[in-house]
Amino acid sequence: MRSKELSMQVKEAIFKLRKQKKHIRENATILQVAKSTVWYILRKKTSTGELSNAKRPGCPRKAIVVDDRKITSKVKRNPFTTANQENNTVQGVGVSIFKSTIKRRLHESKYRGCTAWCKPLISLKNRKARLDFAKEHLKKPAQFWKNILWTDETKINLYQNDGKKKVWRRRGTAPYPKHTTSSLIHGGGSVMAWACMAASGTGTLVVIDDVTQDRSSRMNSEVFRDILSAQIQLNVVKLIGWCFMIQMDNDPTHIAKATQEFIKAKKWKILEWPSQSPDLNTIDHAFHLLKTKLQTERPTNKQQLKATAVKAWQSIKKKETQHLVMSMSSRLQAVIASKRFSTKYWK
C-alpha cells in the first residue's frame, strides 16, 4: 500500500527550519517525520526549486472511497461473495473496474481468500447441550479428567487417508511418484478398531473383526458389550485405578437399551456427553496421532495393518495423552467463546 504523502504545510515547515540552520535530525524530531524524508524534501527543493508533488504515473484510481466501502461491506455481510459478484455490484452504480482491483481493495482491508473450514451443522438443541456441558465442567480439577477412561471407535485405512494431502512440488511435476499418494479401488481395505486411553497412557486397541463371530467389522450392541466386558476393568486397573469414570459418545450402539442396562449392572460411572462434540473428545486426536504414525509404516495387507496399528497405538507416549487430556479446559473455553458452534479442535 502506498504511504501517505506529506502536506504542503509540512514541506514548507521543513524548508523554513532548514533556513534557520536546523540540522536534519533536529528538523525530523520537531516535525515527527523520518530523517530520510526531510533529506529527500530538501534535495528536491535544491534540484527543482519545487515542493509540490509530481504527477503520479499510471492509470488514475476509478473506485472512490464510497465504492471501496461498498466492496468491503458486501464481503462483510456475505464472506462467500465472489469477485465477479462484487464487480456486478460496483457496475450497478456506474463504475467499471477489474476483478484484480476488487481483490486489491479487499487486501487493503485485511481480507484474504482462504479455504473455508468444513464443519458439521450443529442443531440448536445440541449447541445448548454443548454450552451447558462446557459451563458445568469448566472448573473441574485436573484430577477429574485424569480419572476418566476415554473410549471410541475409528476406521483405519490400508492405503489411503480419508482426506487430501498437500505436497510441495514444482510446475509440471504433479505425476511424479514422490508427489502422489497411493490409492486402490475401494480404498484397498480398512479395519474398524475400538480403543481406550487415559491421561497416564494408551490402553488396548481391539480390531472389531477379531471379536465378531462372522469376522465382519460391523459393531452392534452385543459386540460392544463384549468389548466393554473384556477391556474396561483390565484397562482401568492399568491406567487409573478403582476410582474411574468412562467417557463414550452417543453412537447408537453406546446408548442402546441393552448397553445401558449392562453398564448399570456393572455399576460403572459414565460421563454424560453432549452430541456432535468430537472437538471435546480427546481420543479422536489420539487417533489422529495413530494414523500419522501409520503413514510411515506402509503395511501391505490387513493383517499387517492390524499388527502395525496396535504397535503404533502403544507407541503413543504418556506425555502426549496427558497433554490431550489436560487440554480439556482449553476445549471447554473454546466452546463457550465460539457461542456453542464448532471450535478449532474439530478434526
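The rules behind each value
Residues numbered from 1 in each chain as written. Predicted model: local features only at pLDDT ≥ 70, side-chain atom pairs only at ≥ 80, totals over all residues. Heavy atoms only, no water. Helix = DSSP H or I, 4+ residues; strand = E, 2+ residues; numbered from the N terminus. Expected span 1.5 Å × (residues − 1). Buried < 20%, exposed > 50% of the residue type's maximum accessible area, 1.4 Å probe, protein only. Arc of directions from axis to C-beta. Contact = heavy atoms within 4.5 Å. Core = buried A, V, L, I, M, F, W, Y, C linked by side-chain atoms within 4.5 Å. Axes fitted to C-alpha atoms, helices over the stretch in contact; angles between N-to-C directions. Nonpolar A, V, L, I, M, F, W, Y, C, P; charged D, E, K, R; others polar. Salt bridge = Lys/Arg side-chain N within 4 Å of Asp/Glu carboxyl O. pLDDT = per-residue confidence, 0-100. Pairing = 2+ DSSP bridges.

**Looking at helix α7 (residues 124-137)**
Since the α-helix advances by 3.6 residues per turn, residues separated by three or four positions end up pointing in the same direction. Look at α7: 20 Å from first C-alpha to last across 14 residues, which is about the 20 Å you get at 1.5 Å a residue. Of all the positions in α7, only Asn-126, Arg-127, Arg-130, Leu-131, Phe-133, Ala-134 and His-137 are classed as buried. Buried residues along α7 cover an arc of 160° about the axis, so they all sit on one side. Turned more than 90 degrees away from the buried face of α7 sit Leu-124, Lys-125, Lys-135 and Glu-136, all of them exposed. Buried residues along α7 sit against α8 (142-146), β5 (270-271) and α15 (328-337).

**Let's talk about the nonpolar core**
As a rule of thumb, soluble globular proteins bury nonpolar side chains together. One finds Trp-145, Trp-150, Ile-156, Leu-271, Leu-290 and Trp-313 to be the most contacted residues of the largest nonpolar core, which totals 34 residues. Element by element, the count of residues in this core is highest for helix α12 (residues 282-294), at 5 residues. Residues Ile-208, Ile-227, Phe-244 and Met-248 belong to the second largest nonpolar core, which totals 19 residues.

**Quick notes on the packing of helix α14 (residues 318-326) against α15**
Angle between the axes and distance between the axes: these two values describe a pair of packed helices. Where α14 meets α15, the closest approach of the two axes is 5 Å, and the angle between their N-to-C directions is 35°. Mapping the contact onto sequence places Leu-324, Val-325 and Met-326 in α14 and Met-328, Ser-329 and Arg-331 in α15. Here the contact of α14 with α15 is composed, by residue class, of 4 nonpolar, 1 polar and 1 charged.

**Side note on the environment of Thr-308**
By secondary structure assignment, the location of Thr-308 is in helix α13 (residues 302-314). Each C-alpha atom of the pair Thr-308 and Leu-294 lies 7.2 Å from the other, and the pair is 14 residues apart in sequence. Setting aside residues no more than four positions away along its own chain, Thr-308 makes contact with Leu-294, Glu-297 and Pro-299.

**Some thoughts on the pattern of salt bridges**
What the rule picks out here adds up to 5 salt bridges. The salt bridge partner of Arg-130 is Asp-279, with a shortest N-O separation of 2.9 Å. A residue pair is termed long-range when its members are at least 10 positions apart, and Arg-130 in helix α7 and Asp-279 in the loop between β5 and α12 qualify at 149 residues. Asp-279 matches Arg-130 in its accessibility class, with the two residues each being buried. With a shortest N-O distance of 3.5 Å, Asp-210 and Arg-215 are connected by a salt bridge. Asp-210 sits in the partly exposed class, given a relative accessible area of 38%. Overall, Arg-215 belongs to the exposed group, its relative accessible area being 52%. Because the salt bridges share partners, they merge into one network encompassing Asp-209, Asp-210, Arg-215 and Lys-306.

**Brief notes about the confidence of the model for the chain**
Atom-level detail of predicted coordinates should not be read off regions where pLDDT is low. Taken residue by residue, the chain gives an average pLDDT of 82. The fraction at 70 or more is 80%. Looking across the chain, the model is least confident in helix α5 (residues 83-91), with a mean pLDDT of 67, and most confident in strand β4 (residues 245-247), with 96.

**Some details on helix α11 (residues 257-266)**
Of all the residues in α11, the buried ones are Thr-259, Phe-262 and Ile-263. Take α11 and look down its axis: the buried residues cluster within an arc of 95°, on one side only. Exposed and oriented more than 90 degrees from the buried face of α11 are Lys-257, Lys-264 and Ala-265. For α11, the elements touching its buried residues are α9 (221-239), α10 (252-255) and β5. Immediately beyond the C-terminal end of α11, within one or two residues, lies Lys-267, with a positive phi of roughly 60°.

**Observations regarding the sheet that holds β4**
A sheet is described by the order of its strands in space; here 5 strands give the open sequence β3-β2-β1-β4-β5, paired in mixed fashion. Strand pairing shows two members of the sheet lacking a second neighbour, β3 (201-207) and β5, which therefore form its edges. Of the strand pairs in this sheet, strand β1 (residues 148-157) and β4 are connected by 3 bridges, and their pairing is parallel. Along β4, the bridge assignment pairs Ile-148 with Met-245. With respect to the sheet, α9 is in contact with β1, β2 (190-198), β3 and β4, its orientation differing from that of β3 by roughly 160°.

**A closer look at unusual backbone geometry**
Glycine aside, a negative phi is what most residues show, and trans is what most peptide bonds show. Phi is positive for Lys-21, which is not a glycine, with a value near 65°. Note on placement: Lys-21 falls in the loop between α1 (8-19) and α2 (24-31). Among the residues examined, Lys-21 registers a relative accessible area of 75% and is labelled exposed. For Gln-276, which is not glycine, the phi torsion reads 55° and is therefore positive. Residue position: Gln-276 is located in the loop between β5 and α12. The exposure class assigned to Gln-276 is partly exposed, which follows from its relative accessible area of 30%.

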